Amino acid sequence: MAILVLSHPLPSEPFADALRRAAPDMPVWTEQQPPPSPDAVEAVLAWRMKPGVLPAYPNLRVLCSTGAGVDKLLAAPDLPPGLPITRVVDPQQGVQIAQYVVACALHFTRDLPLYAAQQARAEWRRHPVRPSERCRVGVLGLGAVGQAIARAFLPLGYPVAGWSRRPQDVSGVRGFAGPEGLPLLLAQSDILVCALPLTDATRGLLNRATLSQLPQGACVINVGRGEQLVEADLRALLDEGHLGGAALDVFEREPPKPDNWVWTHPKVLATPHIAAQAADDVVARQCIEALHAVRAGRRPQHAVDRAAGY
Ligand code: GLV
């Protein structure tokens, strides 16, 4: 009895190797090395799930995500009721995402695209540095990742605010919460960072109506999920000049098609979902811990609330 890795489209071998390192006596299978019988599978480690797969494993006790987000797993139409689902909580992932977001924010706030264009023309021209008070950062989502992002901005002297479903107290960060807090945060975010989980409440949250509430020239950084940002609305606001730029690490469709406007838009910095990845060893350790927990009749530490969606 043990763990089956179905991490497609991520390669399964690095996860399988990490599981074997962490628990040498635990049988570990993959699509390429399938289990001897479906009865043997107690835990599945996966990123997304095709319909019809999970019900084939009658002794499945826990479904573990290979990442921090579980939206792709929760979208499976045939999740066995009551099956615990876990996410990865890797502090290094928060650090990496914060690094990525700060790099993107500085790209915009320190006018790096402008200087790159000048360099291409061999043009030596200096522009005033934007004062910190005009680089107000607003972070949507104050979970582990959102908090890491918010904290990373504090030493730069930028005013930082955060928005969450329920009020959160993060030292040095001005907090807004709930539907009534969102317009307040938007109106004062020169840099808007999306670090929300994808749920029914956050799907399409960043659209023409909400993005228009950002101050003129604001920049958007999305490290949440592509489905939270209506890309056509973003494009219109960039073209109309209301928004100054966007850094996108996640997209409505991944990868975006080669002719998608995001690849070539002069105000867009597009990266292939690389802001952060949980370390294979952490993924493996937390999957094994989750299996031990359910075997002992306990709720795994990083089990998600299916109704909340994260
Ligand atoms: C990455 O997007 C993750 O959910 O870990």
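Residues numbered from 1 in each chain as written. Predicted model: local features only at pLDDT ≥ 70, side-chain atom pairs only at ≥ 80, totals over all residues. Heavy atoms only, no water.

Novice: Is there a simple way to think about the overall build of the chain in this case?
Specialist: Helices and strands together make up the secondary structure of the chain, namely nine helices and 12 strands. Rg of the C-alpha trace for the chain: 21 Å, near the compact-globule value of 19 Å for 310 residues, within the 12% margin. Expressed along its principal axes, the backbone C-alpha trace of the chain runs to roughly 65 × 40 × 30 Å. For the chain, buried positions account for 51% of its 310 residues. (Helix = DSSP H or I, 4+ residues; strand = E, 2+ residues; numbered from the N terminus. Rg over C-alpha atoms; globule rule 2.2 N^0.38 Å. Buried < 20%, exposed > 50% of the residue type's maximum accessible area, 1.4 Å probe, protein only.)

Novice: What is the right way to read the side chain of T30 from this model?
Specialist: If you trace the backbone, T30 turns up in strand β2 (residues 28-30). When its relative accessible area of 0% is taken as the criterion, T30 is described as buried. Among the polar contacts made by the side chain of T30, one reaches the main-chain amide nitrogen of Q33 at a distance of 3.0 Å. Those residues in contact with T30 that lie beyond four places of it in its chain are L4, V5, S12, E13 and A16. (Polar contact = N/O pair within 3.5 Å; in protein donor to acceptor, adjacent residues only side chain to side chain. Contact = heavy atoms within 4.5 Å.)

Novice: Where do I start with the side chain of Q286 in this structure?
Specialist: Checked against the element boundaries, Q286 lands in helix α9 (residues 280-295). Overall, the relative accessible area of 14% leaves Q286 in the buried class. Those residues within four positions of Q286 in sequence are excluded, and the remaining contacts are R87, V88, V89 and H302.

Novice: Hey, could you run me through the packing of helix α3 (residues 91-109) against helix α5 (residues 144-153) in this one?
Specialist: Close contact between α3 and α5 brings their axes to 8 Å; oriented N to C, the two are set at 50°. One element, α3, and the other, α5, form an angle in the oblique class. As α3 runs across α5, the sense of the crossing is right-handed. For the pair formed by α3 and α5, the contact residues are G94, I97, A98, V101, V102 and A105 on the first element and V145, A148, I149, A152 and F153 on the second. Looking at the contact of α3 with α5 residue by residue, the classes come out as 10 nonpolar, one polar and no charged. (Axes fitted to C-alpha atoms, helices over the stretch in contact; angles between N-to-C directions. Parallel < 35°, antiparallel > 145°, perpendicular 65-115°, else oblique. Left-handed = near helix turned anticlockwise from the far one by under 90°. Nonpolar A, V, L, I, M, F, W, Y, C, P; charged D, E, K, R; others polar.)

Novice: What exactly am I supposed to notice about the environment of S37 here?
Specialist: Mapping S37 onto the fold places it in the loop between β2 and β3 (41-46). On the accessibility criterion, S37 (25% relative accessible area) is partly exposed. Along the sequence, S37 and N222 sit 185 residues apart, while their C-alpha atoms lie 42 Å from each other.

Novice: Explanation requested: the sheet that holds strand β12 (residues 268-270) in the structure shown.
Specialist: The strands that make up a sheet pair up through hydrogen bonds in the backbone, lying either parallel or antiparallel. Taking strand neighbours across the sheet as the criterion, the seven strands line up as β8-β7-β6-β9-β10-β11-β12 in an open arrangement whose pairing is parallel. Of all strands in the sheet, those with a lone pairing partner are β8 (174-177) and β12, marking the two edges. Averaged over all pairs of adjacent strands, the angle between their axes in this sheet comes to 15°, without regard to strand direction. When strand β10 (residues 218-222) meets strand β11 (residues 243-248), the two strands line up parallel, connected through five bridges. When the sheet's bridge partners are listed, N222 is paired in β11 with L248. Packing of α3 onto the sheet brings it into contact with β9 (191-194), β10, β11 and β12, and relative to β11 it is tilted by some 155°. (Pairing = 2+ DSSP bridges.)

Novice: Can you help me understand the pattern of salt bridges in this one?
Specialist: Note on pairing: side chains with opposite charge can pair once their charged atoms come close. If you walk through the whole model with that rule in mind, you get 12 salt bridges. When the shortest N-O distance is used, the salt bridge between E123 and R121 registers 2.8 Å. For the salt bridge of E123 with R125, the shortest nitrogen-to-oxygen distance reads 2.9 Å. Taking relative accessible area as the criterion, E123 reaches 26% and is therefore assigned partly exposed. When salt bridges with common partners are traced through the structure, they connect E13, D17 and R20 into a single cluster. (Salt bridge = Lys/Arg side-chain N within 4 Å of Asp/Glu carboxyl O.)

Novice: Please explain α3 as it appears in this structure.
Specialist: Because each turn of an α-helix spans 3.6 residues, side chains separated by three or four positions end up pointing in the same direction. Taking 1.5 Å per residue as the helical rise, α3 with its 19 residues ought to reach 27 Å, and the 27 Å between its terminal C-alpha atoms agrees with that figure. Buried residues of α3: Q93, G94, I97, A98, Y100, V101, V102, C104, A105, H107, F108 and T109, and no others. In this fold, the buried residues of α3 make contact with α4 (112-120), α5, β9, β10, β11 and β12. A side-chain oxygen of the first residue of α3 lies 3.0 Å from the backbone nitrogen of Q92; this N-cap is D90. Positive phi shows up at D111, right after α3, with a value of about 60°. (Expected span 1.5 Å × (residues − 1).)

Novice: In this structure, what is going on with the domain arrangement of the chain? I would like to understand it.
Specialist: With domains assigned, the chain is organised as domain 1 (2-90 + 278-295) and domain 2 (91-270). Each of domain 1 and domain 2 has a C-alpha centre, and the two are 33 Å apart. The partner domain 2 presents seven residues to the nine residues of domain 1 that form the contact. Each partner contributes to the roughly 650 Å² buried at the junction of domain 1 and domain 2, and carbon and sulfur atoms together form 42% of this total. Linking domain 1 with domain 2 are one salt bridge. The residue R225 makes a salt bridge to D71 at a minimum N-O spacing of 2.9 Å. (Domains from an automatic or database assignment. Buried area = accessible area lost by both parts, 1.4 Å probe.)

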